[in-house]
Amino acid sequence: MMHFRQLTMAIAIGAALGLSPALRAAELPAGTVIDKSNIDKVKNDTFEGKTIGCMLPERMEWQIRNHGLKITLQNSKPLPIEPKSIEATRKYAADVKYDPAKNEVSNYKAGLPFPNIADNDPHKAAKLVWNFYYASPVGHVMDFPKFEFLLIDGKTGLERTQRWSLYRYFHKGRLDGGPPVDDDKIFSRTLLFASFPNDIKGIGTFTIRHDGPQFEDVWVYVKSARRTRRLSGGAWMDPIGGTDQLNDDIEIWNARPSWYKKYNYVGKRTILAVADASYSWIENEKDLKKRYPTIDLQNPPFWNPIEKYQPREVQVIEAIAPDEHPYSRKVLYMEPTTPRIYYGEAYAKRGEFWKWMNFTSRPTPVSDGSQTIISSQGHTIDFKRMHATIFVVHPDTRMNTNLKASDINLNRLEQAAQ
């Protein structure tokens, strides 16, 4: 009798264990597509040894379940690091000073300002953001003669396309031995202006960002008045044209770190992100839905990327915005070594989730022999409006060209508008 009870119990335990999700979990192959139809089935399965569920940020899983997002798995590989950046970090990092009272950095020249941040450093989150601000691997010149914004309504689809130009010259953080410029107190100069369609042609800004806590000097071309005028120091928080992006949302993070009030370190985790993106613009294709093959313009909500996602280890940082900012806070998912920000979450003043930012990374060697990493496309999705703006880079985008600081000026902005 006892033997029968023991046998029955053993069978029951075995059956229970057989139903255990952990025992049923499988290692998924590269190429597996995760979507609404199978997420519950594969959530406890693994890829490169980690469960799918643990690699999906909450807001990302929510989009898979409710907004048509699909994830195609890709094996991970290391992001290339420019050797000159490693050399500059070794040479200069020891001289960098951090002032916690002002959240400011001094004595920075090039490379990562903070390559070795202790886990118990109370300023770890802020220093990670400074690493991105100073050492994002986009090169010392961003020469984008054309890129496009796609404006998308989540119910009706693609509304319109806009063509823009971006030119940015970095005075600081350069790895070419430069810059031979006149003012070491400038961080960067940027020209951003629209060229199509005609109703926005000429709209744009010329920006000088200082290497200090003061706000930028910004000039805007006023199309109706056919002249430029100076903007207030808060322009870094303003929207870009009629898009869903703020100036602060360029590359997900475009603010000097000291302009935010506070940073909280959330933790380290592995996520699924796009780190080897495809070029996403077939310029001569007349069918707009086919011109951008890495954007799902066929199916609602019409803004999801069609890309491959690989496991990436990131640091998660919460940034508390200043009171006058449209957001209350941002959450950043940043790969620290390169460094790159894959995702950003923006929250409204009352704390509700507002925007999701997904910028896909593409390692790009350039003609001078250096290694850069740029965004192939960037999705800024406003879930309160159910509207999105997608930045799409042109395949001929160039970095580290012979563009000089003097080439980026107010006259060029005025000329572009004519």
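Attention in this report is confined to the structure presented alongside it. (Residues numbered from 1 in each chain as written. Predicted model: local features only at pLDDT ≥ 70, side-chain atom pairs only at ≥ 80, totals over all residues. Heavy atoms only, no water.)

### Overview of the overall build of the protein
Of regular secondary structure, the protein possesses eight helices and 20 strands. Taking 2.2 N^0.38 as the reference for a compact globule, 418 residues should give roughly 22 Å; the C-alpha atoms of the protein span a radius of gyration of 23 Å, in line with that estimate. Along the first, second and third principal axes, the C-alpha set of the protein runs to 95 × 55 × 45 Å. Expressed as a percentage of its 418 residues, the buried residues of the protein come to 55%. Here the analysis covers contacts within the protein between residues at least 6 apart in sequence; of these, 60% occur between residues at least 24 apart. When the accessible surface of the protein is split by element, carbon and sulfur atoms take 51% of a total near 19,100 Å². (Helix = DSSP H or I, 4+ residues; strand = E, 2+ residues; numbered from the N terminus. Rg over C-alpha atoms; globule rule 2.2 N^0.38 Å. Buried < 20%, exposed > 50% of the residue type's maximum accessible area, 1.4 Å probe, protein only. Contact = heavy atoms within 4.5 Å. Areas by Shrake-Rupley, 256 points an atom, 1.4 Å probe, with all protein chains shown as cover.)

### Some details on the nonpolar core
Ranked by size, the top nonpolar core spans 56 residues in total, and within it Val-105, Trp-164, Trp-253, Tyr-260 and Tyr-263 carry the most contacts. At nine residues, the largest contribution of residues to this core is made by helix α6 (residues 124-135). Setting aside anything within four residues of it in sequence, one finds Trp-164 in contact with Pro-145, Lys-146, Phe-147, Phe-149, Leu-192, Phe-193, Ala-194, Ser-195, Ile-200, Ile-203, Ile-240 and Gly-241. Ile-34, Leu-73, Tyr-292 and Val-331 belong to the second-largest nonpolar core, a separate cluster that totals 44 residues. (Core = buried A, V, L, I, M, F, W, Y, C linked by side-chain atoms within 4.5 Å.)

### Remarks on the packing of aromatic side chains
Within this structure, the stated rule accounts for 28 aromatic pairs. The cationic tip of Arg-329 hangs over the ring face of Tyr-347; the distance from NZ or CZ to the ring centre is 3.9 Å. (Phe/Tyr/Trp six-rings, centres within 6.5 Å; stacked < 30°, edge-to-face > 60°. Lys NZ or Arg CZ within 6 Å of the ring centre and 35° of its normal.)

### Brief notes about the environment of Ile-373
Secondary-structure assignment places Ile-373 in strand β18 (residues 371-382). With eleven residues separating them along the chain, Ile-373 and Lys-384 place their C-alpha atoms 31 Å apart. Each residue touching Ile-373, except ones within four places of it in the same chain, is listed here: Leu-79, Pro-80, Pro-137, Val-138, Thr-338, Arg-340, Ser-361, Arg-362, Pro-363 and Thr-364.

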